[in-house]
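Coordinates in review
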Amino acid sequence: MKKIAVFCGSSIGFNEVYKNEAIKLGAYFVEKNIGLVYGGGKIGMMGVIADTMMKKNGQVIGVIPHLLKHEEVAHNNISKLIVTKTMSTRKVEISKLVDGYIALPGGFGTLDEIFEALTLGQLGIERKPVGILNTNGFYNHLLKQLDTMVTEGYLKQSNRDMLLVSNTIETLISKMFAYKAPKQTKVINKVVRL
């Protein structure tokens with residue numbers, strides 16, 4: 001994996017542990033020569049990981065929709081900033097650039113982006129690993145909800161297993177490198193062709 005998209009909050013949160021883990025992830029990416037593709041912001045968790053990598057001469061590509069590109073938000077001191085017309089085209093652009101996806105703590109936008117990546121994998125449109133860095137158990141309740149979806153028949157276990165989870169960076173990246181996309185079913189093939 002040469003480039004990984006990281007989805008995370010435009011807020012820093014209330015607990016320093018999340019910021020510290022974003023710093024560690026940025027340093028790890030630089031050490032392993034992995035480029036970062038992210039939302040293009042200079043604030044919150046996004047700014048922390050981008051700044052960490054830029055200080056260490058890492059490759060950082062931001063993809064930001066035009067409506068968010070104003071002085072307070074857009075990061076102008078990164079390797080490359082791509083401005084898109086809409087949020088949807090931003091997602092497409094990120095998808096073209098990366099070999100995998102990771103979610104750090106965040107809000108609605110983070111969940112939207114990570115679940116879209118999972119949905120594309122479920123439909124066989126993409127075959128990239130999708131991971132959650134579950135720092136401090138941040139995503140425990142979400143993961144429990146996914147298990148409930150399996151138990152109640154709304155999510156196949158094989159699709160639930162597509163989401164790679166770890167509370168350590170090294171283990172998560174290792175899982176991502178070893179990832180094998182599930183086989184497509186005939187039903188999915190028919191749906192995608194329509």
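That block above? That's the structure.
Residues numbered from 1 in each chain as written. Predicted model: local features only at pLDDT ≥ 70, side-chain atom pairs only at ≥ 80, totals over all residues. Heavy atoms only, no water.

1. Quick notes on helix H2 (residues 44–55)
Taking 1.5 Å per residue, 12 residues should reach 16 Å; H2 reaches 17 Å between its end C-alpha atoms and fits that length. With 9 of its 12 residues buried, H2 lies for the most part within the structure. Those residues of H2 not exposed but buried are Gly44, Met45, Met46, Gly47, Val48, Ile49, Ala50, Thr52 and Met53. Asn57 sits one or two positions beyond H2 and adopts a positive phi of about 60°. (Helix = DSSP H or I, 4+ residues; strand = E, 2+ residues; numbered from the N terminus. Expected span 1.5 Å × (residues − 1). Buried < 20%, exposed > 50% of the residue type's maximum accessible area, 1.4 Å probe, protein only.)

2. Thoughts on the packing of aromatic side chains
Centre distance and the angle of the planes are the two values used to describe a pair of aromatic rings. In this structure the tally under the stated criterion is 3 aromatic pairs. When the ring of Tyr18 is compared with that of Phe138, the centres are 5.5 Å apart and the planes differ by 75°; the resulting orientation is edge-to-face. On the criterion of sequence distance, the pair formed by Tyr18 in helix H1 (residues 16–31) and Phe138 in the loop between strand E6 (130–133) and helix H5 (140–151) is long-range, its members being 120 residues apart. Taken together, the aromatic side chains of Tyr18, Phe138 and Tyr139 make up a single cluster linked through ring pairs. (Phe/Tyr/Trp six-rings, centres within 6.5 Å; stacked < 30°, edge-to-face > 60°.)

3. A short note on the sheet that holds strand E7 (residues 163–166)
Judged by pairing direction, the sheet is parallel, and its 7 strands sit side by side in the order E4-E3-E2-E1-E5-E6-E7 without closing on themselves. Each having just a single partner strand, strand E4 (80–84) and E7 make up the two edges of the open sheet. Direction aside, neighbouring strands of the sheet carry axes that sit 25° apart on average. Here 3 bridges tie strand E2 (residues 35–38) to strand E3 (residues 60–65), and the two strands are oriented parallel to one another. Bridge pairing in E3 links Leu36 to Val60. Across the face of the sheet, H2 comes into contact with strand E1 (3–7), E2 and E3 while running at roughly 155° to E2. Along the sheet, helix H3 (residues 87–97) contacts E1, E2, E3, E4 and strand E5 (100–103); its crossing angle with E3, the most-contacted strand, is approximately 160°. (Pairing = 2+ DSSP bridges. Axes fitted to C-alpha atoms, helices over the stretch in contact; angles between N-to-C directions. Contact = heavy atoms within 4.5 Å.)

4. Some words on the packing of H3 against helix H4 (residues 108–122)
Between two packed helices, both the angle of their axes relative to each other and the distance between the axes serve to describe the pair. At a minimum axis distance of 12 Å, the contact between H3 and H4 shows a crossing angle of 55°. Between H3 and H4, the angle is such that the two are oblique. Between H3 and H4 the crossing geometry is right-handed. Contacts between H3 and H4 pair Arg90, Lys91 and Ile94 from the former with Asp112, Glu113 and Glu116 from the latter. Here the contact of H3 with H4 is built from residues that sort into 1 nonpolar, no polar and 5 charged. (Parallel < 35°, antiparallel > 145°, perpendicular 65-115°, else oblique. Left-handed = near helix turned anticlockwise from the far one by under 90°. Nonpolar A, V, L, I, M, F, W, Y, C, P; charged D, E, K, R; others polar.)

5. Digging into the nonpolar core
Most often, soluble globular proteins have nonpolar side chains that are buried together. Membership of the largest hydrophobic core comes to 49 residues, with the highest contact counts inside it found for Val6, Phe29, Tyr101, Ile102 and Leu104. Every residue in contact with Leu104, bar those within four places of it in the chain, is listed here: Val6, Phe7, Cys8, Ala22, Leu25, Met45, Thr110, Leu133 and Tyr139. (Core = buried A, V, L, I, M, F, W, Y, C linked by side-chain atoms within 4.5 Å.)

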